[in-house]
Amino acid sequence: MSTTTLEKSAASAESEAPAHLITVTFRVRRFNPEISDQATWQDFQLEIDPKERVLDGLHKIKWDHDGTLTFRRSCAHGICGSDAMRINGKNRLACKTLIKDLNPSKPITVEPIKGLTVLKDLVVDMEPFFQAYRDVMPFLITKGNEPTRERLQTAEDRERFDDTTKCILCAACTSSCPVFWNDGQYFGPAAIVNAHRFIFDSRDEAGEQRLEILNDKDGVWRCRTTFNCTDACPRGIEVTKAIQEVKRALITRRF
Amino acid sequence: MSADTSSAVDPVEGVSLYDVDNPAPVIEPPRKRTKKTPKSTRTNFELYGWLFMRLSGVVLVVLVLGHLLIQLVLDGGVSKVGFAFVAGRWASPFWQGWDLLMLWLAMLHGANGLRTVINDYAERPKTRFWLKNLLYAATVFTVLLGTLVIFTFDPNIR
Ligand code: SF4
Ligand code: FES
């Protein structure tokens, strides 16, 4: 990182009455396969408003300091789920994490999520994650003729799976799960959450099939109730509870 | 190119082994789901395994705590335990049954727990295979030996 950039941004910040700005160190995990096979830490000093988000800090780095920094983001408002990363050792969305909530007097570490192949800097290969998602058939399946009107449902029936409809497929949960880290075969919390969304939907008729898929040796039974997923979910979904509900449905189906 | 080299990762000893046309190999996730991954196992084995762990756990709490209480706390503690004490207890079918049940449940509970640990932590399929075989052999041996002793115990042995 060149010192000239630093001085320039510091100087310009001073001239614009920077009373609300603080100096924060971003410690970013960098990996570029075109340069080295090793990932390294790189520090960036930023003058930034503590009420801004980690994503704003990453933008500042990319736009003002080092254009080679690579990360995913799209909506910047916690909806698209593309910027899950490990910030200060915890999986979060960079666009929903305020710098003031992170103890900015210490360096803020930003790493890619774990358990998936890092392609460059903070970008990982999401394919195994989406493969598990596709495996649980996350779409409405019905038999018989299509009704001419919408498929109606009572408010209570809708309430049953309300929590799991909120998933944005950010992979924060799956990539925080130690069972998934050790062995990428586990379906992972996100796939189970999205199966839950249809298993408990009164309009759907393939719940049996989905339960059978999750009864697999790499399905719900590998869950150790570590609760990392519930802690990580930026949408506040009770992920572990959803997994337990699927287990219970499997058991009550048998006995 | 050299400009961003200095900004991103320092090449080892000045020369980079990798470049745009020859990127470094990325680290694959442990076992990526591929076309070759064995298809789902349509059995209820894991379901019954999970249920067994919960149920045997509850029963073991009673059995093991009772066992520890009798052996280590009541009637002068561990100093009373000797050949005569064991012989006296095993004269009753109740204690024989207690110990037999405890042996089987504890061994299967522990073996299934270790099986999960091996599944989680052994990385190569071969390591998994051998560790699990070792585990199963040890389990079968211990359970059979223990059962044999409980049933053929002779208090008059010299
Ligand atoms: S359950 Fe939560 S953490 Fe997991 S993918 Fe969905 S939104 Fe992300
Ligand atoms: S950028 Fe869309 S969720 Fe953060």
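Below is a summary of the structure that appears in this document. (Residues numbered from 1 in each chain as written. Chains lettered and ligands numbered in written order. Predicted model: local features only at pLDDT ≥ 70, side-chain atom pairs only at ≥ 80, totals over all residues. Heavy atoms only, no water.)

Topic: a nonpolar patch on the surface
All names here are of chain B.
Move 1: Residues V61, V62, V64, L65, L68, L69, L72, V73, L74, V78 and V81 make up a contiguous nonpolar surface patch of about 930 Å² in total accessible area.
Move 2: One can find V61 in helix α2 (residues 45-73).
Move 3: On the accessibility criterion, V61 (48% relative accessible area) is partly exposed. (Patch = residues over 30% accessible without salt bridge, like charges linked within 9 Å, V, L, I, M, F, W, Y side chains within 5 Å. Areas by Shrake-Rupley, 256 points an atom, 1.4 Å probe, with all protein chains shown as cover. Salt bridge = Lys/Arg side-chain N within 4 Å of Asp/Glu carboxyl O. Helix = DSSP H or I, 4+ residues; strand = E, 2+ residues; numbered from the N terminus. Buried < 20%, exposed > 50% of the residue type's maximum accessible area, 1.4 Å probe, protein only.)

Focus on the interface of chain A and chain B
Move 1: Contacts between the two partners involve 41 residues from chain A and, on the opposite side, 36 residues from chain B.
Move 2: Contact between chain A and chain B buries roughly 3,700 Å² in total, counting both sides, with carbon and sulfur atoms accounting for 55%.
Move 3: Interface area lost by chain A to chain B is led by E34, I35 and Q185 of chain A, which between them contribute 19%.
Move 4: There are 2 salt bridges connecting chain A and chain B.
Move 5: Between R224 of chain A and D120 of chain B there is a salt bridge, with its nearest N and O atoms 3.0 Å apart.
Move 6: On the surface where chain A and chain B come into contact, there are 6 residue pairs in polar contact (both at pLDDT 80 or more).
Move 7: For the side of chain A that touches chain B, the secondary structure elements donating two or more residues are β2 (40-48), α3 (127-135), α5 (178-182) and α9 (239-254) of chain A.
Move 8: By residue number, the principal contributor to the side of chain A that touches chain B is α9 of chain A, which donates 5 residues.
Move 9: For the side of chain A that touches chain B, the class distribution of residues is 14 nonpolar, 13 polar and 14 charged. (Contact = heavy atoms within 4.5 Å. Buried area = accessible area lost by both parts, 1.4 Å probe. Polar contact = N/O pair within 3.5 Å; in protein donor to acceptor, adjacent residues only side chain to side chain. Nonpolar A, V, L, I, M, F, W, Y, C, P; charged D, E, K, R; others polar.)

Focus: the pattern of salt bridges
Move 1: In this structure the tally under the stated criterion is 22 salt bridges over all chains.
Move 2: The residue K143 of chain A makes a salt bridge to E205 of chain A at a minimum N-O spacing of 3.7 Å. Here K143 of chain A, found in the loop between α3 and α4 (155-160), pairs with E205 of chain A, found in the loop between α6 (189-199) and α7 (207-214); they are 62 residues apart in sequence, far enough to count as distant.
Move 3: Residue classification places K143 of chain A among the exposed residues on the basis of a relative accessible area of 58%.
Move 4: The exposure class of E205 of chain A is partly exposed, given its relative accessible area of 38%.
Move 5: Where salt bridges share partners, they join K217, D218, R222 and R224 of chain A together with D120 of chain B into one cluster.

Quick look at the packing of α9 of chain A against α2 of chain B
Move 1: Between α9 of chain A and α2 of chain B, the shortest axis-to-axis distance is 11 Å and the interhelical angle comes to 100°. Relative to α2 of chain B, α9 of chain A is oriented roughly perpendicular. Note on element contacts: α2 of chain B touches α9 of chain A through L47, Y48, W50 and L51 of chain B, opposite Q244, K247, L250, I251 and R254 of chain A.
Move 2: A per-class count over the contact of α9 of chain A with α2 of chain B returns 6 nonpolar, 1 polar and 2 charged. (Axes fitted to C-alpha atoms, helices over the stretch in contact; angles between N-to-C directions. Parallel < 35°, antiparallel > 145°, perpendicular 65-115°, else oblique.)

Details of the environment of M53 of chain B
Residue and element names in this part refer to chain B.
Move 1: Looking at the secondary structure, you find M53 in helix α2.
Move 2: Between the alpha carbons of M53 and Q96 there is a distance of 23 Å; along the sequence they are 43 residues apart.
Move 3: Setting aside residues up to four positions removed in sequence, M53 forms contacts with H109, N112 and G113.

Examining the nonpolar core
Residue and element names in this part refer to chain A.
Move 1: Counting 72 residues, the largest nonpolar core has F26, V54, L58 and L214 as its most contacted members.
Move 2: Take this core: its biggest share by element is 7 residues, from α9.
Move 3: Looking at which domains feed residues into this core, each of domain 1 (15-124) and domain 2 (127-254) gives three or more. (Core = buried A, V, L, I, M, F, W, Y, C linked by side-chain atoms within 4.5 Å. Domains from an automatic or database assignment.)

Looking at unusual backbone geometry
Residues and elements named next belong to chain A.
Move 1: Although it is not a glycine, N103 sits at a positive phi angle of roughly 60°.
Move 2: For D121, which is not a glycine, the phi torsion comes out positive at approximately 45°.
Move 3: Here D121 is to be found in the loop between β6 (118-120) and β7 (123-124).
Move 4: Judged by relative accessible area, which is 2%, D121 ranks as buried.

Structural notes on the side chain of D201 of chain A
Move 1: Mapping D201 of chain A onto the fold places it in the loop between α6 and α7.
Move 2: Aside from chain neighbours lying at most four places away, what touches D201 of chain A is L140, Q153 and F161 of chain A.

Focus: the packing of α2 of chain B against helix α4 (residues 93-121) of chain B
Residue and element names in this part refer to chain B.
Move 1: Closest axis-to-axis distance for the α2/α4 pair is 8 Å, and the angle between their directions is 135°. By the angle between their directions, the pair α2 and α4 is classed as oblique. Along this stretch, α2 crosses α4, giving a crossing that reads as left-handed.
Move 2: In the contact of α2 with α4, the residues fall into 16 nonpolar, 8 polar and 3 charged. (Left-handed = near helix turned anticlockwise from the far one by under 90°.)

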